[in-house]
Amino acid sequence: MKELIVIGLEVHVQLMTDAKMFCHCSTNYIGKKPNTNTCPVCLGLPGSLPVLNRKVIEYAVRLGLALNCKVNRVSKFHRKNYFYPDLPKAYQISQFDMPLNTNGHVDIPKENVKEKRRIGITRIHIEEDAGKLIHEEASSDLSHCSLVDYNRCGIPLAEIVTEPDFRSPEEARVFLMKLRNIVQHLGVCDGNMEEGSMRCDANISIKDAKTGKLGTKTEVKNMNSFKSVKKALDFEAKRQIKMLKDGEKIVQETRRWDEERQMTVTMRGKEEAHDYRYFPEPDLPPLKIDSKMICNIKYNLPELPDDRKKRFLEDYKLPEYDADILTSSKTMGDFYEQAASEYKKNKILSNWIMGELMRCINEEKTDIEKSPISPQNLVELLKLVDKGTISGKMAKDVFEKMFRTGKKAAQIIKEEGITQITDKNQLVEMINKVIKENPKSVNDYKKGNEKALNFLIGQVMRFTRGRANPDFVFSTMKKMLE
Amino acid sequence: MFNQLTAGDIVSLIKKREISACEVTNDIFKQIDRVENNVKAFLYINRENAIEQAKSIDDKIRRGEEIPILAGVALTVKDILAVRGMETTCGSKILKGFVPPYSATVVRALREAGAIIIGKANMDEFAMGSSTENSAFYATCNPWDTERVPGGSSGGSAAAVAADETHIALGTDTGGSIRQPASFCGIVGLKPTYGRVSRYGLIAYASSLDQIGPMTKDVKDAAIMMNIISGQDKKDATSANLKVPDYLNACREGLKGLKIGIPREYFIEGLDLEVKKTIEQSLKIYEKLGAEISEVSLPHTEYSLPAYYLIATAEASSNLARYDGVQYGYRAKVDGDISSLYQKTRSEGFGNEVKRRIMLGTYALSSGYYDDYYLKAQKVRTLIREDFNNVFEKCDVLITPTAPTPAFKLSEKINDPLTMYLSDIYTIPINLAGIPAISINCGYSRTNLPIGMQIIGKSFDEETIIRVAYNFEQYSDIRKQKSPINIFVAKENVE
């Protein structure tokens with residue numbers, strides 16, 4: 001049997017409006033003292049009522065339009081009923097049979113080919129987030145109980161449900177990266193999977209390529225990074241394929257990715273699945289959106305990654321590879337453009353960002369937005385190279401120091417005295433000295449050994465501790481040897 | 001005795017500086033001390049704060065500041081409404097000790113208008129019941145006959161008004177919970193159109209049916225309260241963005257040419273003959289006042305009760321799920337896991353009627369049953385609404401009995417839920433349709449029990465039902481009769 005992997009995703013995206021979905025509490029809950037970012041409404045206290053924050057609609061429509069969805073003029077809120085301590089009303093206000101956005105799609109690059117793969121978006125609905133349970137460590141006085149923090153309650157979420165269109169875990173990962181990039185460009189979410197502002201569940205099953213028969217699916221939860229999505233789905237696909245080969249039956253169940261053990265484990269079976277008893281939310285009237293609002297949002301839609309890439313190709317004349325990388329996240333694109341507005345050698349700039357900057361950022365495991373080197377700082381450095389104050393090679397050292405210390409290029413150069421020697425007489429003197437002291441190499445060169453020239457130049461650089469302008473040394477040395 | 005006066009009278013006397021808010025409040029508490037042991041209308045009495053509030057109102061008057069429109073009027077609040085800093089139990093053990101950090105929008109509005117909160121009124125647990133016997137704490141007695149129920153679920157509010165322990169009260173009405181106790185206690189009770197009054201701070205039983213409304217000694221007081229509590233509230237997305245008229249204006253017009261419809265489906269088996277006769281006599285008065293009366297038909301009436309008990313319980317099963325012992329209120333002592341905490345807390349915290357309705361509603365929403373029960377009930381609801389729309393093309397108001405019988409005896413129906421449910425048969429369709437209705441006293445049984453008449457109006461046309469009720473009240477002197485609670489208490493004291 002030739003197996004095909006079939007994956008569909010459900011992605012929750014926190015919408016970063018100022019206020020929560022149904023009350024005036026802030027959405028900025030991370031790091032706050034537990035249960036201080038709450039009010040009677042998001043705590044679900046008896047008698048409180050939800051009132052929809054219109055900004056949530058705007059953000060969700062933005063997302064719907066960006067994912068090519070049909071925005072429904074009328075949608076409805078439903079209650080999803082279940083008991084859990086992090087859910088203070090014992091129901092979540094969500095959408096059910098009439099979601100806000102339906103029938104969209106996103107194109108992702110196909111592996112190793114120039115073609116694209118189109119991933120269908122079944123629906124995007126909006127709902128409220130729940131609180132968080134905190135289980136104290138065994139050593140704590142409170143180890144016998146669980147604590148609840150309701151600060152996250154009522155944060156608006158958009159749930160994006162895809163068609164089962166992914167044929168590999170890698171495609172799912174690529175889609176999520178692209179989705180993160182889109183929500184960042186839309187300004188609706190930072191797309192941080194580690195901090196949970198973007199969360200992903202997956203349905204996965206195996207299809208018999210010959211008969212087209214679809215196997216039993218499992219749902220995989222608790223994948224808290226792009227990498228773990230890939231790893232979890234790889235594991236789960238292999239597990240299912242092996243079971244099928246061994247003639248075992250796959251059970252429909254919800255499984256959890258165990259990061260420590262690097263495997264998926266059973267969370268709950270089909271019998272334990274909830275009956276959510278969805279019914280229309282009587283506290284909220286149907287959500288009506290007029291075409292004027294949709295037009296308005298469409299008109300004001302920010303530039304999306306695909307368009308930005310096109311623009312990078314056209315305006316900056318960058319190679320496709322560079323444009324791809326530079327527009328793969330909002331912050332990287334922003335960094336490039338801010339620098340490019342003051343520095344016109346587009347490709348050199350691109351090399352520095354993709355090369356030196358990303359290397360330092362990856363080494364430090366940080367983000368480009370937290371980079372100690374601002375786009376202006378980088379431009380200052382590059383201009384010093386162009387002026388000849390330092391060489392390109394020196395610039396790399398200076399860059400490294402800028403990144404580690406946060407100091408500006410000019411300051412480092414001054415402090416360490418690493419300016420280039422621009423006094424030509426001084427350099428000519430040194431070149432003469434090297435020629436005199438290395439007659440053998442001079443002879444070799446004259447006999448036609450090009451390598452000998454490199455050695456001689458290297459000697460000059462060594463004398464000057466790298467502060468000589470290599471171009472000048474090269475041309476002068478060559479002239480003097482002829 | 002200032003406790004016997006209407007809010008309208010109190011305000012005009014205070015404005016004329018003939019009496020002080022303190023005098024009025026003292027009289028209220030004197031009456032409470034006199035009769036409350038027999039009536040048991042209150043779950044909480046706010047004595048110290050009320051007296052403080054009265055003093056500050058008197059200070060304001062003395063300083064010549066503007067006198068608010070309900071200055072010095074005693075207000076009793078059904079315990080289903082949140083009052084900041086005051087225990088709010090909803091008549092349930094499960095909310096024992098819950099003190100809301102906020103007040104219901106209506107409570108705030110009335111307080112700002114100068115009303116003095118006297119206390120929280122007893123009620124059927126979570127407003128589920130028609131006799132106030134489902135209170136987790138104690139039953140309230142009817143001031144007209146303390147062996148009888150005051151009706152429910154706003155029985156405490158109705159009894160407090162009828163016993164002159166308060167001038168005005170707030171009730172809530174999901175299937176008749178303002179009108180039926182108003183009828184049983186001989187007072188005025190108005191259920192506004194759904195969306196007319198903000199529900200913020202009303203502890204939900206059935207969110208698509210619940211409305212807050214006034215319970216008063218006369219129609220004018222109901223109009224005054226409506227003026228204060230009506231209107232859109234940014235905290236309630238279902239409150240209507242409509243202009244609110246001055247309801248007191250409705251008390252200035254006559255009835256000439258008014259078209260009254262009498263729905264034939266309401267005069268059927270089960271209707272007490274005395275009640276029927278009293279309503280018929282009232283209709284004669286309306287004819288004298290210049291109204292035209294005709295019979296109309298609301299063909300889907302018989303499906304109201306089943307539709308109501310599916311929709312209301314479905315919503316209740318969800319609304320009451322939050323009482324789980326985690327955040328506030330009662331928590332059972334358990335050693336087990338979270339589900340045993342839920343189960344034990346809810347088993348011990350809720351009373352039988354509440355459990356019955358939660359189970360019913362959970363069932364109606366369950367997968368596989370939703371279409372047959374909840375969805376079908378919603379379709380019936382649409383038909384009932386259309387029934388009313390049709391008859392309101394031909395008439396301005398409908399008149400029916402409020403309840404099929406006068407007040408029944410305590411314990412008479414408590415073990416027979418289905419019979420109990422029937423006492424709301426005339427009020428339930430109105431909630432399903434979302435339209436307004438008022439109950440006023442229109443006569444007495446031979447045993448001297450008040451009989452209520454229900455006047456039903458078009459959506460958002462509270463003005464007309466107030467006008468129709470007011471004209472009747474002015475014509476007859478039925479209202480002037482006081483409940484015999486004082487005589488009863490005096491007699492008991494002698495014995």
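Residues numbered from 1 in each chain as written. Chains lettered and ligands numbered in written order. Predicted model: local features only at pLDDT ≥ 70, side-chain atom pairs only at ≥ 80, totals over all residues.

Chemist: Would you mind showing me how to read the pairing of strand β9 (residues 397-401) of chain B here?
Modeler: For a regular strand, side chains alternate in direction, first toward one face of the sheet and then toward the other. Residue and element names in this part refer to chain B. Burial of β9 is extensive: five of the five residues sit out of reach of the surface. Pairing of strand β7 (residues 259-263) with β9 involves two bridges; the strand directions are parallel. Opposite isoleucine 260, over in β9, you have valine 397 as the bridge partner. One ladder, built from four bridges, connects β9 with strand β11 (residues 450-456); its direction is antiparallel. Residue proline 401 lies in a different strand from β11, and its bridge partner there is methionine 453. (Buried ≥ 20, exposed ≤ 12 C-beta atoms within 10 Å, placed from the backbone. Helix = DSSP H or I, 4+ residues; strand = E, 2+ residues; numbered from the N terminus. Pairing = 2+ DSSP bridges.)

Chemist: Would you mind going over the domain arrangement of chain B with me for this structure?
Modeler: How big an interface is tends to be reported as the loss of accessible area on association of its parts. Residue and element names in this part refer to chain B. In terms of domain boundaries, chain B breaks down into domain 1 (2-297 + 395-430 + 438-494) and domain 2 (301-381). Using only C-alpha atoms to locate each centre, domain 1 and domain 2 end up separated by 28 Å. At the junction of the two partners, domain 1 supplies 27 residues and domain 2 supplies 22 residues. Secondary-structure elements contributing two or more residues to the side of domain 1 that touches domain 2 are α13 (417-422) and α14 (428-433). In the side of domain 1 that touches domain 2, the residues fall into 15 nonpolar, eight polar and four charged. (Domains from an automatic or database assignment. Contact = placed C-beta atoms within 7 Å. Nonpolar A, V, L, I, M, F, W, Y, C, P; charged D, E, K, R; others polar.)

Chemist: Please clarify how helix α3 (residues 47-62) of chain B should be interpreted in this entry.
Modeler: The periodicity of an α-helix, 3.6 residues per turn, causes residues three or four positions apart to be oriented the same way. Residue and element names in this part refer to chain B. The first and last C-alpha atoms of α3 sit 23 Å apart over 16 residues, in line with the 22 Å expected at 1.5 Å per residue. Three or more residues of α3 are buried, namely Ala50, Gln53, Ala54, Ile57 and Asp58. Buried residues in α3, looked at end-on, bunch into an arc of 140°, giving them a common side. Counted as exposed and oriented over 90 degrees from the buried face of α3: Glu48, Ser56, Asp59 and Arg62. On its buried face, α3 is in contact with α2 (21-39) and β3 (116-121). (Expected span 1.5 Å × (residues − 1). Arc of directions from axis to C-beta.)

Chemist: Help me understand the environment of glycine 72 of chain B in this model?
Modeler: Residue and element names in this part refer to chain B. Within the element layout of this structure, glycine 72 appears in the loop between α3 and β2 (74-78). We classify glycine 72 as buried; it has 30 C-beta atoms within 10 Å. Sequence separation between glycine 72 and isoleucine 57 is 15 residues, and the spatial gap between their C-alpha atoms is 7.1 Å. Glycine 72 has contacts with Ile10, Ile14, Ala21, Val24, Ala54, Ile57, Gly114 and Ile116, leaving out every residue within four places of it along the chain.

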